[in-house]
Amino acid sequence: VLEAVVSTQSTGTTSDPKCNRPVFTATEAQYTNANGCGACAGTSKDDGHCKECDSDSCNVIPIVCNQGAPGSEVSGECDSSATKCSKPMYTDYIGYATGVQFACGECAGESEGSTCTACDGAQDAACNTPVSVDTFQCHSYEFNSEAGNFVAKSDLETCEKLTASDPKCNRPVFTATEAQYTNANGCGACAGTSKDDGHCKECDIGSCNVIPIKCLQGPASAATTAECISITATKCSKPIFVDYEGFGEVEYACGPCPGETSGSTCEECDSTKSAGCNVITQVADYQCYTYSYNSATKKFDQTKRGCQVSLNGDTTCNQPATEETTQAEYKNTIGCGPCKDTTKADGTCTECKTDLCNGTPQLAASMAFVMMLVIHCLFM
């Protein structure tokens, strides 16, 4: 590094002062002036190794700063009076502040800390270095006034972020209005309080901000409609309902039926972003008595039980035909629904169609005995 030494030289009374100096990067071979008085030696000025100025003691090597618009800034020497460099502030996922350039000197006006930041300059390197950034892509959305919802634009948005940061995309929920989702594009975080308000969602993988389908999710007794977590899901699933037996042992969910349950205890459908296709099966509730064989008394015990049937279906109950009906003859395990197999035709099981209509088989036996007596009396 060439060091500064003060030199004194006389000039003619009609001549202006002239000083020279090396640029900071000049080598000993490139700057050959014996002192700072007068013009640059040889071609060193044209070669960019020496500079001249025309006032007393003007030839101080100044600081260097990056100068110009973001993305096209270049490092260069500043005026000798400059002691600081400045640059536009960078906001992750948004970019550099508009209207501010890389420059020599302090931040202009009151921009320091809001759109501009300054640093102490040096002769050897610019302190206002640009941030290290890279790009990723997100989907962006526009409001379709005819449909009344946001739709994805055909082209992906190229976003910029700090190299050390993860990608971040945002998107509206399907039901968001134009006033509720206000992001200009899908890059970065949700605007304002829209995330907390439930109108906007974020994700941290490039191109992850796809509005997914909706499905009813949860157990049959408490299922609610919500967006699916997977953006690749196209189907919803739900438990199959069997009259008098109830729902299959699977939950309402996003995606296809698990394992080998499809068609047996589970069914699937193709869903949309606006509503889940796996709607709750509407059923009617009623009650029947259920009979279980008591090996000690050799009789059937009865208990009340809730039953379910499809809307407009028959509220059928069944029961052992008489108190003499054996365990082997009565094949139903619950009192809901019709008699199994041929037990009705065989006379070991009876049916009825109202709530709790299947009372004790002893009643049926008594009625049969009464009818026999009546018939007997009529033909005596």
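Computed from a predicted model, the values in this text were never measured in an experiment. (Residues numbered from 1 in each chain as written. Predicted model: local features only at pLDDT ≥ 70, side-chain atom pairs only at ≥ 80, totals over all residues. Heavy atoms only, no water.)

**Q** Help me understand the packing of aromatic side chains in this model?
**A** Each aromatic ring pair is specified by the distance between its two centres and by the angle formed by the two planes. Per the counting criterion, the structure on display carries eight aromatic pairs. An angle of 90 degrees between the planes, with centres 6.1 Å apart, marks the rings of Tyr93 and Phe136 as edge-to-face. Pair noted here: Tyr93 is in the loop between strand 6 (90–91) and strand 7 (95–96) and Phe136 is in strand 10 (residues 133–138), with a separation of 43 residues, a long-range link. When its relative accessible area of 15% is taken as the criterion, Tyr93 is described as buried. Taking the relative accessible area as the measure of exposure, Phe136 reaches 7% and is therefore buried. Ring geometry for Phe300 and Tyr330: centres 5.4 Å apart, planes at 80 degrees, overall edge-to-face. (Phe/Tyr/Trp six-rings, centres within 6.5 Å; stacked < 30°, edge-to-face > 60°. Helix = DSSP H or I, 4+ residues; strand = E, 2+ residues; numbered from the N terminus. Buried < 20%, exposed > 50% of the residue type's maximum accessible area, 1.4 Å probe, protein only.)

**Q** Help me understand the sheet that holds strand 18 (residues 235–239) in this model?
**A** Two modes of strand pairing occur in sheets, parallel and antiparallel, and in both the strands are linked by backbone hydrogen bonds. Spatially, three strands are ordered 21-18-22 in an open sheet, and the strand pairing comes out antiparallel. Each having just a single partner strand, strand 21 (253–254) and strand 22 (266–270) make up the two edges of the open sheet. (Pairing = 2+ DSSP bridges.)

**Q** Got a minute to help me understand the state of the cysteines in this structure?
**A** Note on terminology: disulfide describes a covalent bond linking the sulfur atoms of two cysteines. All told, the structure shown has 18 disulfides when counted by the stated rule. In this model, Cys269 is linked to Cys277 through a disulfide, with the two sulfur atoms separated by 2.0 Å. Note on the Cys269 and Cys277 pair: the S-S dihedral is about 85 degrees, so by sign convention the disulfide is right-handed. For Cys277, a relative accessible area of 24% gives the class partly exposed. Between the sulfur atoms of Cys352 and its disulfide partner Cys357 the distance amounts to 2.0 Å. On the S-S bond that ties Cys352 to Cys357, the torsion sits near 85 degrees, and the link is right-handed. A relative accessible area of 15% means that Cys352 is categorised as buried. Assessed through its relative accessible area of 22%, Cys357 is described here as partly exposed. (Disulfide = S-S within 2.5 Å.)

**Q** It is not clear to me how the sheet that holds strand 9 (residues 116–120) should be interpreted in this structure. Could you clarify?
**A** Within the open sheet, the three strands sit side by side as 8-5-9. Their pairing is antiparallel. The two strands at the open ends of the sheet, each matched to only one other strand, are strand 8 (103–104) and strand 9. Of the strand pairs in this sheet, strand 5 (residues 84–88) and strand 8 are connected by two bridges, and their pairing is antiparallel. Residue pairing in the sheet places Ser86 in a bridge with Ala103 of strand 8.

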